[in-house]
Structures are given as C-alpha cells and as structure tokens.
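Listed below are the residues making up each chain.
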Amino acid sequence: MEDFDKNVKLSQRTRGKPVTREEGEKIFRSAEAKLKKFKQRTLIRSQKATYILDEKIGSGSFGDVFKAYADEDYDNPVAIKRFMTKDMKYRKKKTIESEIAALLLVRHRNSNKCHPALVCMIDLVYTENYISIVMEYVPGKQIASLPVDLSIRIVRRLTEGIKSLHDIDLIHRDIKPANIMITPDNQVKIVDLGLACLTAEIPETKLIQKCISTAGSYLFMDPMIFTTPSNLTKKS
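When helices and strands are tallied, the chain shows 5 helices and 13 strands. Every one of the 236 residues in the chain was classed for burial, and the buried ones make up 36%. Sequence separation of 24 or more characterises 50% of the internal contacts of the chain that already satisfy a separation of 6 or more. Just so you have it, the chain exposes about 14900 Å², and 52% of that area is on carbon and sulfur atoms.

Here's what the structure looks like:
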C-alpha cells in the first residue's frame, strides 16, 4: 500500500475531515475487502431479474437461505432458498418439487397474490447445479415471549394465514415457533411449505405430497398423526 501523509483527506469516506495514517489505512483495508467480496459475489439470473447473493440467514437439512438483492436494488432485499441438485436423492427431490408446487398453488389460487400472513414465492430459478426459490424477505424475528394483547393479535392473524391454506386444500403440517416470523411492525408471516400436503385431488398439479404419511416436528404434532396419518384433517 502506498505511503501517505499523516493527515490525508478522504472526502468520500470521511466527509472532508482530516484522518490519521492509521485511520486512512483502516478505511482502505475495508474498501479493499468490500471490493474483493463484490468481485466474488454469486449471481443468479432469471428472466425477471439478476439476483445478488449476500449473507446466509438460515440453513436446513435440504438447503440454505440467503439474503439477496434483485438488479442491485439494495433498498428492497429478497430471500433466496437454494438447493444443490447434484447427486440429489429421489426423496429430497420430490419434497422440493412438492414445496415449489405448493408455493405456486398459493399464488395461482389467489389471482397471483399472496395472503398477508404468508411468505410467498416471487421467482423460481433453475441453474446447472441449483434450484433457487426467491421469496419475500422478512426483516423480523421468530415468535417468542410476547405481551398478552400482542399475542392475541398475532394468533388471530396466524389463524387467518392457516385458513387461507386450508381454503385451497393445503395443510402446513409444520406450524411451530421457528416457522412463524414477526416483522418489526408486529405483522405475522408463516414460512416454509416444505411439508405442506393436500387433503384433496386438485387439477393444477400432482406434485404436492398427499396427507398420508407422518411428517412434522414431533413436539408440535397432533398425536393423531402418529397413529393414523392418513386421517389428517384441517382441524388437526
């Protein structure tokens, strides 16, 4: 790195204020790191947009979730759920196909819109080694201990979101705190339709799994699912 005077002015980074040599070197190191990260960024291109992957914000048994930006619109991030397709096992492939079909059904049955209590798909991208589901980014937190009055409002909105799924013959099967997000303005968002199943035959798709097997998170499952999973109903 080039040597420079003790009080070099870096107008864009320091708003015209003089900085010491050490401060200047720190600023340049930070800029170099950001430039390196920019050059190494991962791009996902679709017909709708080019998505720039940012930080990983979640991880599961099937794939990872990233914060991302569409067409360098850094004011409106999206979330991308990414699955590696290389050497993907048949069961995993069918589960991912089922989730995608469920997300498409939610939008199709609601005139390409989404219930306010659901996080829905924005775009779907297939590349050589990955399937990427682009979704609304929820800048919130998982549900936790809350005041009673707020809890009542959240439960009401949560049931509205669940009902919107039931209205199109879908059962979520994995409602639990980890799949319920609360936005900064205390709105509810239900996430993850990976285990969603159909209670009836529908003409749109045959890819969504049927409600005939045991699935879900044990601590939050209806006991009936363990004994007679094929009798699973919306009330369960």
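That shown, we press on.
Turning next to the sheet that holds strand S5 (residues 64-70). What the 6 strands build is an open sheet, ordered S3-S4-S5-S6-S8-S7; its pairing is antiparallel. The outermost strands of the open sheet, each flanked by one partner alone, are strand S3 (43-45) and strand S7 (121-126). This sheet shows a mean twist of 35° between the axes of neighbouring strands, independent of strand direction. The sheet contact formed by S7 and strand S8 (residues 130-136) spans 5 bridges and is antiparallel. Directly across from Leu 124, in S8, lies its bridge partner Ile 133. On top of the sheet, helix H3 (residues 90-108) reaches strand S6 (77-84), S7 and S8; it is set at about 140° to S7, its chief contact.

Among the structural elements, Ser 164 can be located in helix H4 (residues 148-166). A relative accessible area of 13% means that Ser 164 is categorised as buried. Engagement of the side chain of Ser 164 in a polar contact is seen with the backbone oxygen of Gly 161, the distance being 2.6 Å. What Ser 164 contacts, discounting residues up to four positions off in sequence, is His 115 and Leu 118.

The next point concerns the nonpolar core. Counting residues in hydrophobic clusters, the biggest one holds 34 residues, and the most contacted among them are Leu 105, Val 106, Ile 133, Leu 170, Leu 193 and Ile 208. Within the residue set of this core, elements represented by two or more residues are H3, S8, H4, strand S11 (180-182) and strand S12 (188-190). For this core, the element with the highest residue contribution is H3, accounting for 7 residues. Not counting residues within four places of it along the chain, the set of residues in contact with Val 106 comprises Lys 113, Leu 118, Cys 120, Leu 165, Ile 168, Leu 170 and Leu 193. Listed in part, the 11 residues of the second largest apolar core include Phe 66, Ala 70, Ile 80 and Val 125.

Cut-off values and rules
- Residues numbered from 1 in each chain as written.
- Predicted model: local features only at pLDDT ≥ 70, side-chain atom pairs only at ≥ 80, totals over all residues.
- Heavy atoms only, no water.
- Helix = DSSP H or I, 4+ residues; strand = E, 2+ residues; numbered from the N terminus.
- Buried < 20%, exposed > 50% of the residue type's maximum accessible area, 1.4 Å probe, protein only.
- Contact = heavy atoms within 4.5 Å.
- Areas by Shrake-Rupley, 256 points an atom, 1.4 Å probe, with all protein chains shown as cover.
- Pairing = 2+ DSSP bridges.
- Axes fitted to C-alpha atoms, helices over the stretch in contact; angles between N-to-C directions.
- Polar contact = N/O pair within 3.5 Å; in protein donor to acceptor, adjacent residues only side chain to side chain.
- Core = buried A, V, L, I, M, F, W, Y, C linked by side-chain atoms within 4.5 Å.

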